[in-house]
Structures are given as structure tokens and as C-alpha cells.
Amino acid sequence: YFGACAGGVWKTEDAGQYWEPISDGFFKTGSVGALAVSEADPNVIYAGMGEATIRIDVSHGDGVYKSTDAGRSWRHIGLDDTRHIGEVRIHPHDPNTVFVAALGHAFGRNQQRGVFKSTDGGENWEQVLFVSDKAGAVDLSIDKNNPRILYATIWEAYRNFHQISSGGEDSGIWRSMDGGDSWQNISSHPGLPTGILGKIGIAASPAQSGRVYALVEHQEGGMYRSDDYGDSWEFAARNNDIVSRAWYYTHLTPDPQDADTVYVNNLRFWKSIDGGRTYSMIGTPHGDNHDLWIDPNNPKRMVQGNDGGACVSLNGGASWSSIFNQPTAQFYHAAADNRKPYFVYGTQQDNSSVAVPSRSSKSSLMWMDGFIAGTGESGYIAVKPDDDNVVFIGAIGSSPGGGNCLQRYDHDSKQLRLVTTWPEVMAGEAALDHEYRFAWTYPILFSPHNPNLLYIAGNLVFQSTDEGQSWQPISPDLTRADPNTLQVTGGPINRDSVGAEVYATVFALAESPHEAGVLWAGSDDGLVHLSKDGGANWNNITPANLPAWSLVSILEPSPHDPAVCYMAATRYKLDDYAPYLYKTADYGQSWTRIDAGIPADDFTRVIRCDPAREGLLYAGTETGVYVSFDDGERWRRFQLNLPMTPIHDLIIKNNDLIAATHGRSFWILDDLTRLHQLGDDEGEGAALLLRPRETERILASIDARRLIDQPGKTYMSSTGTLAAYTFSTTAENHVERKFLDSGENLPRGVLVTYYLRDVPEGKIMLSFTDGEGHIIREFTSMDEADRKALKEKPNKAALYVPAKPGWNRFVWDMRLPPSPALNGSDPMFERMEGPTVTPGSYRVSLKAGDDIQTQSFSLVKEANSRASDEDLQEQFDLLMRIYEFYSAATESVNAMRSARSQLSHLAERLSKSDDSADLADRAAALKARVLEIEKQILIPDLPTGWAGRLNQGTGPLRRLSALPSVVSMGEFPPTDSAYAVCDKLSGLIQGRITAFDALVASELSAFNQELAERGVAVIG
């Protein structure tokens, strides 16, 4: 198991080859600070919420969750206000005795912090160690040799917008000798450093009673070791590699079988085999290492956590499983280009910038479909409006070039250029001394009116018209610039001025889509300014009711009214978690707060306005997405299947809503036209059918419908590597997919959305018709008889539409019905899919009871298609010719099989009578004649696999079944050879059908007449 810093709990059952999220739908927050599995009962898991490495983008939690079924389900068990939990430890012999090290609020004082104990599995908690309201417990260790002995470290630390402080008078090491009921401060025991202590990692060795390791942040920090339960200590090593940036790391793990071996997580991963004195580095898949678990029975088996993800080693760290199979990327912002399909761009915390397509021609979105777009990890990305290959990426601090480290990446040349406004490295210096101040996440945007005008914002707003070759400031300092907020960050022991806490900057910037030069700017210290003349003059338009020192996160000018702008602000780093959303309708002269309906502790980072429907707004909060249909008067949660994770940005592209989550990668809500049709009164009728949006006629590389008769079968991509995916069928027979190392593609087909107030008494029906009103396809929901048949023969189910109360979705694959089924058991026979219909106008009707609703929609060519309408019609005509002939041939084979069956039974029955022996022989002979004709069309009962085909051949009907895949590959007119093969095969098959028809009309008819004359039942 691993807990993601903002993405929930994940589980692997194959040593890291495949991970799956197991807390979705149970957790109310996404940040996991600690995770523990009971040794006495491995079904029992405790998750302590809220990351305790309190970096700039840290996410809080809501206490502790528990699972008693190995993660299949979870229950919240209290400690809601702990906010950030550093460790959870379970008694080695009792899964109901559990301890929690709670750091508490990162941005303010609170009482629910320290060490908590429960002896009834979390039903009740006792605060057994509390030092102060400004210091909490960050690490905890139980002596496996004597579980009555526990060690805890208390850390005095806090953050705000411009400061990270690690250490203070309340930091220290505490010990309990009675199972956590009472505690003693042992920070002044002999050998430990005196004076101010910072963050401390502590661990009792399972391999030797009395041995304890402590990794201490101090002026003389390093590794300390005790061999007498903490009564006295020895300074083992000062090595800076194991104590650098102590507030961010300081995690150590002793080997469970060798007391002299201890591992330390830091920027690199370190191992000591001499009691903590010297260290050698172990390579991990990613830097910034944070946690380690070692199998107590096999120390070579490890699970390690770093800023890239979780990885498993079975050989003591010599090699690790992949970290590219767990989509927990933390994006700050999102951008989209104008490709078709469009690409989504974002900067990942502790990783590179990436660009990924919104869909692909493959069955899933694989890494080969995307690309790395620069090295920035913290900022915005802006794609040049007239050149999709050129993007500008924000980075900061210690990145190459120093300063704001703006990057220009050209995907065509793969070249990266630094176009920083002021390339001066200022690591370790106060923000007051910077030439210009830029936030960790600073705005980068192109003008919507000029594709060559690029804006960025520090404490000043800058513009460039030559792609960053030169920059011109177009504003004064638009911040409060209070010197008290611009000092060196860190302390009281170590500085940490890497750029993340640079403050008093313009954090939000936008240009009006209506009026060139109308610029809206908001600062991270609570000011809002407006310029109507391209930056020549600025007016302070800060809302009067915006609390001081709020961070203005997003400014969103309305696409409908030039005087309207929306604003999202946060104050959570001042320990105020309320949402702050505002609207102005008069260029900022007055503002109205518009966050009613969002919980009082779910702070808002982003607000967006739907360009297609005025008053339709979206907001992203620390836990998810909200929607308003009435211009912010009332908000409702809009989570759907989105994981519980922070939302740092939302953008709208081509009527899709893209969420940049800060813990679960990118998610796309396709087709906002469904919301455009809704209001506050949706769902009041018995049924509601929404109009499908214009749909591109995209053909699947692997047709999911063909897999319905083969549930559970695993298919590989053509590469045979990243895109292994499994198809299975549900009760409603929809195809479910599990992807490895790939994203989910947009469903190919027409997305039909409909609402049912109740479960209908009878079946509902969806009907699709063409522009002339001809019925193309009909689908129904299941009734009890269908469910019974599906249960009895799960591999022979039809495709049903869902009919549950509330909203339902059905995807029509744009095809005509499949060809008729073949009578009998023939494992190698495949029903031919109906051809995909051509672009044009269509209608869908929903029949629910007596209510019938109809909506029209259009199918259009794929954006990248070069085919003409005539090309597609020619392709469709040949596919229809093949399909219709294949269907007729199947019916003829069915007639042959029916005749053979009747002749067989007749021969068997007549052979028992001496008077009818001649008839029995003639029936058997006719059966053989029919079988011989059938074999020349389709070899019956051919076994599965290539062996059957190689040993007995294919037969013309099976050869014909493969021809549509040739004709329909891509959007092109059929080749001459395709016509030739069709003529050849249809001619061969038709010849045998004609022979059968002649046999029926002559000898079989005559035989029937004789049967009738002799009083024997004739053949039908």
C-alpha cells in the first residue's frame, strides 16, 4: 500500500506492476500523511490524513480512516482537526491498539495535536501527549521487542504565505515506558545536542533491544544513536546529505534483522551498515525520498516512497518497480493548444512539464502519445496561439538561470531556451533583495488579441513581443510589498530560501477577451488592480470585503460582458479555510461575494465561466469541483467520478472541462453541452433526453463491441508494451476497462445522456434514425428475463441501455446492427459488425413508458480526415454490400444447417423401420449433399485458434468476414483490389448458395413430395 500526498491510498498485489486506488468514494480529503498495516491482522489498515511534510503546496487531512477488509472499504474514525498526521503505529500484537502522531495545523495553533492513543480500534481516542498548541508530533516508533516502550518526536513548525519555520523551544524527543499512558521528555539526556531543536526522525531497532536512532535537525545536526533505550546517546554522523532541508525529509528506517543497518530518506536515499556512521547511496527511480517499509521477514523486500511515487524492490534496492503506473501527478495549472485533438499541458510538482492528448487513435492514452514540454515544475504554461509547437513554461528558484526561469520550448526543434526577465540566482537570499519578485506559480499568458504579445507577472507586470528576447515592465509594483513579508525564509535553525516563499507578487493576471489592453491583476497579498490602457495606468479595485492579506488566486473576465469579472481567493495559509469567490459587474467598482453553497472549510483556488452559457460557472476547491447555474447565487458539488483531490485549475476547451488536479493528474469532463441544456429544474419530469453534441466519426482501433462475447479476455496494443488493458462486462453489459500506464480515452461514438426519475416499469428504448427517418438501430434496457438469460449465458448477451434512477449514459458506436447469428456452436464464426454510418444528420429517441422524447444531432468527419464525402460514401457502399451479402450468406448457411438437422433426425427415425429403409438412406445422402455444399462456404465446427485454420483452411465466408477491416481501415475510398476480392468471394459463395437453392428446388422438393405421399412428415 502507499498513501499519496494528495491522491488517496493505493494498493498493489503484484509487487508494483499494477497499482489501483482503493480509497476513492470513502475519503473526504485526498492527502495521506501516514499509513499502517497491522502485523497481527493484515486486513486492518489505518490511514492518517494530511501530509506532514509541510511544503508550499501541502494539503490538509480530516483525521483517521480505518479499513478492516484490506482496503476494500473504509470508515472515518475521528481526529478531524489534526489536519496533518506524521505517523500511525499499530501495536505489533493488537490491531485495536493504535497510536497517531498528529502535527496539527500547519498554518496556525490548535489543540488537537500531539500523540493520540486508542485501545478499541479508533472508536475512542485519548490525547496521551500534548506539549503546546504550536508544536505537534511528527514521528513515532514502537519498540517491537517491548511494545510498552514508545518514542515520539515533537516538532514546532509553521507555515504561512511567505515563511517556513522549522524548530523551536517545544521541539524534542519523548519516551513512554508504559504503553503510551505517560511520557517523559528525554531531549536533554546525555549525548543529545543542547539548544533549539528542529524536526527529528526517530526509530527503535527491531533487531536489538535498546537501540534507538534519531535524526536531528540542529546546529550540530545529524544521526544520533542510543543503545540504552534513550538514556544516553552517541553522535554517530554529521553528514549533511542526511539532514539537508530537514523540514522536508528526516525519515529513517532501521533494518529489521541487522541493528547496525539503517536507511535514511533525503534528496537521495542512503544506507549505513555501521550503526549510522557512514553512508552509501542507493539509486531510486526519483529524487526527494520520503518513506521506506522493509519486510521484517525478508529485508531485501522493500517499498519506498519518493516524489515520483511508490516503488517496490525485491533485491534490497538494486532495482525497483516502475513509478509510471500510478497517475498521481500534481499539476498547478492547465493549458490547451489548438491541435485536433487538442493537447493538454501542465507543470507537475517535482516532475517535468508534460503535454498529453485529449484523445488518441489508440484504445487508451499512452505515454508515446504525449511529450515532455520543458523542465518547469511549478508554474503556468502558455501555448502560442498561432504555433502549437511553441510553449512558455514557468519555473522558479533553483531551476537553471535563477529568477523566474521562464522557458521557451519548441517541440518542432526540441530546443529549450531560457528567456528569464532577470537571470540572477538568488537561492538563500531574502525576497527583499530580488531585482523582481516572482511567485512559485506566476502567471504566463498570451493576449487573446495578439498572438505575439506575451505577459508574465512578478511584483510588476511585464510584456514581450519578441518571445522573451526582451521584456518591458508595464506596471508599478502592484503589491503591498510589506518588508516584514520579504525576509529570508526558514529558521530558526536553517534557511530555506529556494524561491517557494517569495511573496508580494502578482499571482493572478488576465486580459479581457473583449477589449485589448484591459488587464486585471491580483496579488498574493490581497490587492486587485485594473488597467484599461495596456498597463499605462492602474487603478486599485480591491473588494472592500476581501480580508487583508488574502491570496488572489484567479481572475476570470467574463466572455459574455466586458464589465464582468470573477475572482477566486484563498486564506488557508492564514489558517482560514473558507471559500472566497467574488463577482464584479462594473469593472471592479463594486464586488459581490458569490460562494454560497460551498462548505465553510473548502477553500477555492479557481473559478471559471462557461463561454457557451452565461451564468454557468465552475469552481475548483481543495476537495473537488462545484457548479453554479445561476451566476454564483448557489453552488452544488459536481464531483461525479472525479477523485477527492485538490483542484488547482480548471479550463474549458471545445466544450470540455479540464481539471488540473494536484494529486490525481489531469481529468476531462467531456461534453459540457449537456450542462448547457440544464437548469435548476432538471429532472422534474419522468424522463429527460439531452441533445447529443456534434460527434466526430472516429473509428476505434480495437472495437469494444466485438469483445462483448469475450469477457475477461486481455488484449495488447500493437506495441505490446504500455497499453495492456482488460475488458469485462457488467450486468448492463457495458465494457469496463483497466489501464496500465495509460489514460482513458474518450468513448468513441455518440454520447447519449438521459434522466429517469424512477426505475421504469417496462423496458426503455433508445432508437436512432437517419435524416430521412429510417430506423438505424434500437436498444432496450434489461428486464428480469434478460437478466436471467445473461446470468445463464453471460457470453451471449446483447447490448443493453442502462435504466437506473437519475442520470444515465449510453454510447452508440455509430454502427448498424451486427449480421445474423449462426445457428449451432461454431467457435470460429464471427458476427460481422454493421458498417459505421456516414457523416450527416441523425436523431435519437427515448421511449420511457408513454413518454417519447427526441433530439437531433450531427456526425461529422474526424478533424484530421482528408476524405471527401464522396470517398466516405463509396467506402460505406462497399461495406454495406459486403455486410448485406455476409448476412444473406449466414442465413443461407442457417437454412443448410436446419435442413441437415431435419434430414439427420429423419434418417435416424426412418432407419428403425424396415419399410422406410430406402427413405432413410436417401435422407442421409441428401444430408451429405447439403453438408458438402456448406463446407464450400464455411467449414463447420472449426476449432478455435490458428491450428484449425492451418489444418483445414479458412473457407470463403470467413475470408469475406476479414474484408471489412481492410476496407474500413482509415477514411479512404476502397482500393481496386478490395473490390476484386469482394467480387471473387461473393461469387464463390453465391455459387454454392445457388447450388443449395437448386438442390432444395429439385431433389429435396421431390423427396418431400414422396415423404408426403408415404405419410411421413416433410422437411420444412
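One can find the structure itself at the top, above this paragraph.
What comes next concerns the included structure. (Residues numbered from 1 in each chain as written. Predicted model: local features only at pLDDT ≥ 70, side-chain atom pairs only at ≥ 80, totals over all residues. Heavy atoms only, no water.)

What follows covers the overall build of the protein chain. Looking only at helices and strands, the protein chain has eight helices and 67 strands in total. Taken over the C-alpha atoms alone, the protein chain extends approximately 115 × 75 × 55 Å along its principal axes. Per-residue burial over the protein chain gives 58% buried out of 1020 residues. Put simply, 55% of the contacts in the protein chain that link residues at least 6 apart link residues at least 24 apart. Accessible surface for the protein chain amounts to roughly 40500 Å². Of this, 48% is attributable to carbon and sulfur atoms. (Helix = DSSP H or I, 4+ residues; strand = E, 2+ residues; numbered from the N terminus. Buried < 20%, exposed > 50% of the residue type's maximum accessible area, 1.4 Å probe, protein only. Contact = heavy atoms within 4.5 Å. Areas by Shrake-Rupley, 256 points an atom, 1.4 Å probe, with all protein chains shown as cover.)

Right, let's get into helix α4 (residues 917-935). If you check α4, its first and last C-alpha atoms are 27 Å apart, about what 19 residues at 1.5 Å a residue would give, namely 27 Å. Taken together, the buried positions of α4 are Leu919, Ala920, Ala923, Leu926, Val930, Ile933 and Glu934. When α4 is viewed along its axis, its buried side chains cluster within an angular range of 145° and face the same direction. (Expected span 1.5 Å × (residues − 1). Arc of directions from axis to C-beta.)

Attention now moves to the sheet that holds strand β42 (residues 519-523). Strand order in the open sheet made by the four strands is β41-β42-β43-β44, with antiparallel pairing throughout. Here the strands that pair on one side only, and so sit at the sheet edges, are β41 (506-511) and β44 (539-540). As defined by bridge partners, β41 adjoins β42 across five bridges and the pair is classed as antiparallel. Looking across to β42, one finds that valine 506 is bridged to serine 523. (Pairing = 2+ DSSP bridges.)

With that out of the way, let us pick up the nonpolar core. Counting residues in each nonpolar core, the largest one holds 67 residues, and the members touching the most others are Tyr754 and Leu957. Ranked by residue count, the leading element in this core is helix α3 (residues 869-910), at 15 residues. Counting residues in hydrophobic clusters, the runner-up holds 49 residues, among them Ile56, Ile456, Val627 and Phe629. (Core = buried A, V, L, I, M, F, W, Y, C linked by side-chain atoms within 4.5 Å.)

The next thing to look at is the environment of methionine 223. Mapped onto the elements of the fold, methionine 223 is located in strand β19 (residues 222-226). Remark: the alpha-carbon pair of methionine 223 and isoleucine 200, spanning 23 residues in sequence, is separated by 9.8 Å.

A few words on the sheet that holds strand β23 (residues 269-272). Here we have four strands laid out as an open sheet, ordered β21-β22-β23-β24, and antiparallel in their pairing. At either margin of the open sheet sits one strand with a lone partner, and together these are β21 (251-254) and β24 (280-282). Taking each pair of neighbouring strands and ignoring which way they run, the sheet shows an average axis angle of 30°. Note that β21 and strand β22 (residues 262-265) share four bridges and pair antiparallel. When the bridges of β22 are listed, histidine 251 appears paired with asparagine 265. (Axes fitted to C-alpha atoms, helices over the stretch in contact; angles between N-to-C directions.)

This part is about the pairing of strand β49 (residues 604-609). β49 sits mainly inside the fold: six of its six residues count as buried. Pairing between β49 and strand β50 (residues 617-621): five bridges, direction antiparallel. Bridge pairing in β50 places valine 606 opposite glycine 620.

Worth remembering: the numbers are spatial, not functional.
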